[in-house]
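# Structure assessment
Here is how the chains run, residue by residue.
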Amino acid sequence: MPHRIHRITPIILSLLAASIANANSTQKQQTSVPLIQTRIERVKQITAPDDAASAQRRLAIAGRANDIFTLFASELTYSQGKTDSALAADMRMLEHTQEPEVAERAMEMALNANKIAEAQTIADRWQQIEPTETPVRQRLMWELAIAKNDIAQVLKNTDAVLSHVNDYQLRRLFLKLAQLRLNNLNATDELNAPIHKTAILHPEMAEALIADAIYGVTGAHEEQTIKALQALLRLDTDIFPATQLTLNLINLKQPQYLLNFYQQTGVDTMPAKWQSLYIELLIKNNKLQEAYQTLQPLLTKSKNADLYLQAAFLAVSQKADTATIASYAEKIAQLGNSNQRSKAAMMVAMRYYDEHNLSASRSWAAKVDDPQFIFDQALMMCSLEAEEKHWTAAQKWLNKAQSSNKQGTFFSARDLLRLQTFINGSSLTNHQYEQYLNRMLAKAEQGDAKAQKLDIPPLLLLRGLLYADKLNEPAKAVADMRRFVQMRPDQVEGLNALGYTLLSMPKENWLEAQKLLEQAYSLNSQSPAVNDSLGWAYFLNGNADKALPLLQYAYQHQPESEVAAHLGEVYWQLDRQNEARQIWAQGWVNKKSDHKVLNQILNKHRIKPASLPLTAAKTNKAQADADFYLRQASTLDVNDANTPALVDNVNKAVQVGNASQRSEAALVAAYYFYLNKNETVAREWLNKVTDDKFATDKAYLMGIMEIEQNNIAAAQQWLQRINQSKQPPEIFDDSSILALSSYIDRKILTPRAYVRKLTQQLKEAQQLVNTTHNSKTVELILYMRGLAYAEELDQPKKAVNDFRTYTKLKPEDADGFNALGYSMLSMSKRYWAEALTILQHAHQLDKKSATIQDSLGWAYYLNGDPKKALPLLRSAYQALPESTVAAHLGEVLWQEGEQEQARQIWAQGLANKNSDQKVLQQTLKKFAVSPASLSAPPDQTQTSE
């Protein structure tokens, strides 16, 4: 049996998308609608204390009754929640005073407490005291009809009641009407007309809009429903519970109304909560591709972590690359809370695990810090340790999972049990493990039907694999696997295991095995295990030509010894013996996989392993391993959490790879550390790049770092090497080389000559765009010319024009918006408000950028908000202690009365000879501070805290 078959962790990765969908979906649509009463109570709490007329009326009642203390005691008792006592007191007072006002208050109490019988008693007594109908009694009798679900009685007086109430009462009545409709979804639509007529007169009242929308959707009035939602959208940007209830009802009754509302209104202009709800709606309706496409433009200007969580889920469902999913998780790390960050980290960890990138998976799983996901994290880490056969470490994580709640968002107690069962197999003998599985199965058989369906199949598969792989009892294995397939007929693992096991039995079983494996292949044609099993079935059934491409695919994606044995056998039978010997040699040098089947094949052909081309096989194996580690390293995003995984993969590539692969690994590491602002380590890795193939890439990166250190002569030497060698870059591209050249030109040419050269280059690049359809060079030149206009020629308007064009071409680039906004701050005051908005957007795109923090802080200060400016500028200066940032921070401190601290910051800025001091000199001149008067700078880290 192939090692890959019995290497089954209980966390089935084929269910990943379903697990994530469950973790990200909201509650299922309800068939019965919850009460809206909590919203009514909230209206009473907010509005009732301000109802001065009502308070005065109650005082007048007390005065006329000459018993103010009795009524006050009743109100106090009611406010304490003792409704029955308060009602009893008011009813006694009603009998004593015969006052309609007392009856009114008592009836209000009874209705608010849903005491229908008591309210009816008070109403009857009130009519005896005051036979003439009044608007107040009409309203309360109407409310009593609502409480009794007496639709006919409600219909009689709706118009009259709604036209004779104050604002507070109208809000309450609209919510009562909404609740009435929720309680009677199939009732007549006659109430809609008077409610809609009144609701449209109050577009500022959320309660009116909620009622209008509810009656609209339940009465099939689409236009009414959509207009009510559009008005509600303007009032309730955060979607409060009553609004959420209304939207849930619409989605339940008329989901197309909700979709039409979004399409007619325009999703891109809505608040983030409404956008997120629309994406969720598309997901619920299984419109995953549409949801993913709709979400993309929303993300460019969103600061809502929920949208990025939805993007991550949809990216998984749409089979996007892992780097895309990880980029969403990075955004969530910036924008979200601990719960959202942990959920995203788990999603990425699971995806990397699926790709067998264990170091990256481990890095992401380590980011989980929310208590809700501790169980998920423990099982994820346990699986990672088990995958690498680190059984002691796996057991520690298993113990942690067992000591937690035993229920997570992604995994459940059953996953814990399956993983525990799998790990136990590592510490037991084969027969002990068989006994253990027998006990577990016997226990599972005692559960109810639902529990049996969940618990029995995984145990059957594990025991079947034990019989097939370890105990050499294929008949028992087949029996367990047949039962597994009966219980889970569409699960690939079971079909593959049963089919492959049948191939180890007499020939009469082989056609059945082939049919089972063809069924597995139809479910997952990308599985290397299934390709190997089906290819071997075709070969055994006499069709080597049909077997070959399947086995080649399997070996390419899973180069284990058993697959090598199968592929080599097919090559041999097709008279391609040299290729067979090469493949067998590669399988033999793979010490991490079982050689049992390969030994059998070699013995069959009387081939000794020593006669195989083992030296070449070892070389090929090492190079393949190095390529694998390089791919793993290249997929990692630049952040501190990924650094251990990056170093681990790079070092492995260096250890096993050839000279070219070692240089590529060093270059990958150097670029990673350069992007992570660690030039010292980047240079150390660049010194290890020795292969001429990567000479241009190395020269480019060295040149860029020399420019950042203002070593222009050294940068020119690196550029000269590039021009002389004419070697195309392997990792970078031609626009990168153009960037290096432009950086150098900016340093050595006059500003006007530099801009002239860029303008000429821009014309040439724009002419090429029509044929190459690649605007990357145009984007770069626009950005570089914009910088020159802004910083060298003091022509901010021209800079702004270039940066605006640039941001249209690259709307996701935070640096472009930063350059645009910062340039506008150097223009007249009327541009500053727009600049602030642009820089806020840049900050949302990249919250970690110290440059953007400096620009945004400066924008807040210029727009009159130094309190918001100061923390941003402090953070920027701590990460980027350049002279310009020092100038900005010092000025804000000075204006806030912290002159001594400002002077210290300015002194530090003057001491930094590697950064441009133009802005700092202007600032010192503005405040008449002589540079010579500034004290020697103390340690920056202490001052900037």
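Counting from 1, residues in each chain are numbered in the order their sequence is written. The model is predicted, so local features are restricted to residues of pLDDT at least 70 and side-chain atom pairs to those at 80 or more, both for listing and for counting; the totals for chains, interfaces and linings are taken over all residues. Computation of side-chain values: all heavy atoms of the structure, hydrogens and water removed.

### Section: the overall build of the chain
- Counting its regular elements, the chain contains 53 helices and zero strands.
- Taking all 945 residues of the chain together, 52% fall into the buried category.
- In what follows, residue pairs with any heavy atoms lying within 4.5 Å of each other are defined as contacts. Sequence-distant contacts in the chain: of pairs separated by 6 or more residues, those separated by 24 or more amount to 60%.
- Just so you have it, the chain exposes about 43,900 Å², and 49% of that area is on carbon and sulfur atoms. In this text, helices come from DSSP runs of H or I with a minimum length of four residues, and strands from runs of E with a minimum of two, each type numbered from the N-terminal end. Relative accessibility under 20% of the residue-type maximum defines a buried residue, over 50% an exposed one, and the middle range a partly exposed one, all with a 1.4 Å probe and only protein chains included. Each accessible area is a Shrake-Rupley result for a 1.4 Å probe, and residues are judged covered by the shown protein chains and nothing else.

### Brief notes about the environment of Lys-867
- As for its placement among the helices and strands, Lys-867 is situated in helix H49 (residues 866-879).
- The exposed category is assigned to Lys-867, whose relative accessible area is 63%.
- Distance in space between the C-alpha atoms of Lys-867 and Glu-896 is 8.9 Å, their sequence separation being 29 residues.
- At a separation of 3.0 Å, a polar atom in the side chain of Lys-867 contacts the side chain of Glu-896. Distance and chemistry together define a polar contact, namely a pair of N or O atoms within 3.5 Å, with one atom able to donate a hydrogen and the other to accept it when in protein, and with adjacent residues in sequence counting only for side-chain atoms on both sides.

### Points about the nonpolar core
- To qualify as a nonpolar core, a set must consist of buried Ala, Val, Leu, Ile, Met, Phe, Trp, Tyr and Cys residues joined through side-chain atoms within 4.5 Å. Counting 215 residues, the largest nonpolar core has Phe-174, Leu-177, Phe-261, Tyr-262, Ile-279, Leu-314 and Leu-646 as the members making the most contacts within it.
- The element best represented in this core is helix H19 (residues 305-317), accounting for ten residues.
- Leaving out residues up to four positions away in the same chain, Tyr-262 has contacts with Val-267, Met-270, Trp-274, Leu-277, Tyr-278 and Leu-281.
- In terms of nonpolar packing, the next biggest core, distinct from the first, is built from 66 residues, Leu-780, Phe-817, Leu-856 and Ala-907 among them.

### As for the packing of helix H27 (residues 449-469) against helix H29 (residues 492-502)
- Comment: axis = line fitted to C-alpha atoms, over the contacting stretch for helices; angle = value between 0 and 180 degrees taken between N-to-C directions. Running from amino to carboxyl end, H27 crosses H29 at an angle of 25°, the nearest separation of the two axes being 11 Å. With respect to their mutual orientation, H27 and H29 come out roughly parallel. Once H27 is placed against H29, the crossing between them reads as left-handed. The segment H27 lies against H29, with Leu-461, Leu-465 and Ala-468 engaging Glu-493, Gly-494, Ala-497 and Thr-501. Convention used here: angles under 35 degrees read as roughly parallel, angles over 145 as roughly antiparallel, angles from 65 to 115 as roughly perpendicular, and any remaining angle as oblique. By convention, the crossing between two helices is left-handed when the near helix turns anticlockwise from the far helix through less than a right angle, and right-handed when the turn is clockwise.

### Concerning helix H40 (residues 695-708)
- The end-to-end C-alpha distance of H40, which contains 14 residues, comes to 20 Å, matching closely the 20 Å that a straight helix rising 1.5 Å per residue would cover.
- For H40, a buried count of twelve out of 14 residues is recorded, marking the element as mostly surrounded by other parts of the structure.
- Inspection of H40 places Thr-696, Asp-697, Lys-698, Ala-699, Tyr-700, Leu-701, Met-702, Gly-703, Ile-704, Met-705, Glu-706 and Ile-707 among the buried residues, and these make up the whole buried set.
- Positive phi appears at Asn-710, one or two residues downstream of H40, with a value of about 65°. Residue count minus one, scaled by 1.5 Å, sets the expected span of a helix.

### Description of the environment of Glu-388
- Examined against the element boundaries, Glu-388 turns out to sit in the loop between helix H23 (374-387) and helix H24 (391-403).
- Separated by 30 residues in the primary sequence, Glu-388 and Leu-358 place their C-alpha atoms 8.8 Å from one another.
- In contact with Glu-388, not counting residues within four places along its chain, are Leu-358 and Arg-362.

### Focus: a nonpolar patch on the surface
- Only residues above 30% relative accessible area that lack a salt bridge enter a patch, with like-charged residues linked at up to 9 Å and the nonpolar side chains Val, Leu, Ile, Met, Phe, Trp and Tyr linked at up to 5 Å. Salt bridges are counted wherever a side-chain nitrogen of Lys or Arg sits within 4 Å of a carboxyl oxygen of Asp or Glu. There is a patch of nonpolar side chains on the surface, built from Val-638, Tyr-671 and Leu-675 and spanning about 210 Å² of accessible area.
- Within the fold, Val-638 resides in the loop between helix H36 (614-634) and helix H37 (643-656).
- The class of Val-638 is partly exposed, set by a relative accessible area of 31%.

### Thoughts on unusual backbone geometry
- A positive phi angle is found at Ala-220, which is not glycine, with a value near 65°.
- Structurally, Ala-220 is set in the loop between helix H13 (206-218) and helix H14 (222-235).
- Backbone geometry at Asp-794 places phi at a positive 55°, although glycine is not the residue there.
- Counting through the fold element by element, Asp-794 comes out in the loop between helix H44 (776-791) and helix H45 (796-809).
- Since its relative accessible area comes to 62%, Asp-794 is described here as exposed.

### Overview of the packing of aromatic side chains
- Classification of ring pairs rests on two measures: the distance between centres of Phe, Tyr or Trp rings, Trp counted by its six-membered ring, which must be within 6.5 Å, and the angle between planes, read as stacked under 30 degrees, edge-to-face over 60 and tilted in between. Per the stated rule, a full pass over the model turns up 20 aromatic pairs.
- Between the aromatic rings of Tyr-308 and Tyr-328, the centroid separation amounts to 6.3 Å while the plane-to-plane angle is 50°, which identifies the pairing as tilted. Of the two residues, Tyr-308 is situated in helix H19 and Tyr-328 in helix H20 (residues 322-335); the sequence distance between them amounts to 20 residues. As far as the burial class goes, Tyr-308 and Tyr-328 line up, both buried.
- In this structure, Lys-367 packs its charged tip against the face of Trp-364, placed 3.3 Å from the ring centre.
- Look at NZ for Lys and CZ for Arg. If either is within 6 Å of the ring centre and within 35 degrees of the ring normal, a charge sits over the ring. Sitting over the ring of Trp-718, Arg-721 keeps its end group 4.2 Å from the ring centre.

### Focus: helix H21 (residues 338-354)
- Relative to the 24 Å expected for 17 residues at 1.5 Å per residue, H21 spans 24 Å between its end C-alpha atoms, a close match to the ideal helical length.
- Taking burial as the measure, the 17 residues of H21 include 13 buried ones, the bulk of the element.
- Where H21 begins, one side-chain oxygen reaches toward the backbone nitrogen of Asn-339, 3.1 Å away; that side chain belongs to Asn-337.
- His-356 occupies a position one or two residues after H21 and carries a positive phi of about 65°.

### Brief notes about the pattern of salt bridges
- This structure, assessed with the given rule, holds 35 salt bridges.
- Residue Arg-137 pairs with Glu-133 through a salt bridge whose shortest N-O separation is 3.4 Å.
- You can call Arg-137 buried: its relative accessible area is 4%.
- Each member of the salt-bridge network shares a partner with another, and the members are Glu-104, Arg-105, Glu-108, Arg-139, Glu-143, Arg-172 and Lys-176.

### Quick notes on the confidence of the model for the chain
- A score between 0 and 100, pLDDT records how confident the predictor is in each residue. Mean pLDDT over the chain: 85, with 89% of residues reaching 70 or higher.
- Here residues 1-50 is modelled with pLDDT under 50, and outside its nearest four sequence neighbours on either side it reaches 107 contacts, counting other chains as well.
- Ignoring residues within four places in sequence, the model shows residues 61-73, a span with pLDDT below 50, making 14 contacts including any to other chains.

### Quick word on the packing of helix H7 (residues 100-112) against helix H9 (residues 135-147)
- Contact pair H7 / H9: the axes reach a minimum separation of 11 Å and the direction vectors enclose 20°. Our classification of the angle between H7 and H9 gives roughly parallel. Judged by the twist between their axes, the crossing of H7 over H9 is left-handed. Counted together, Glu-104, Met-107, Glu-108 and Leu-111 of H7 and Val-136, Arg-139, Leu-140, Met-141, Glu-143, Leu-144 and Ala-147 of H9 form the full contact between these two elements.

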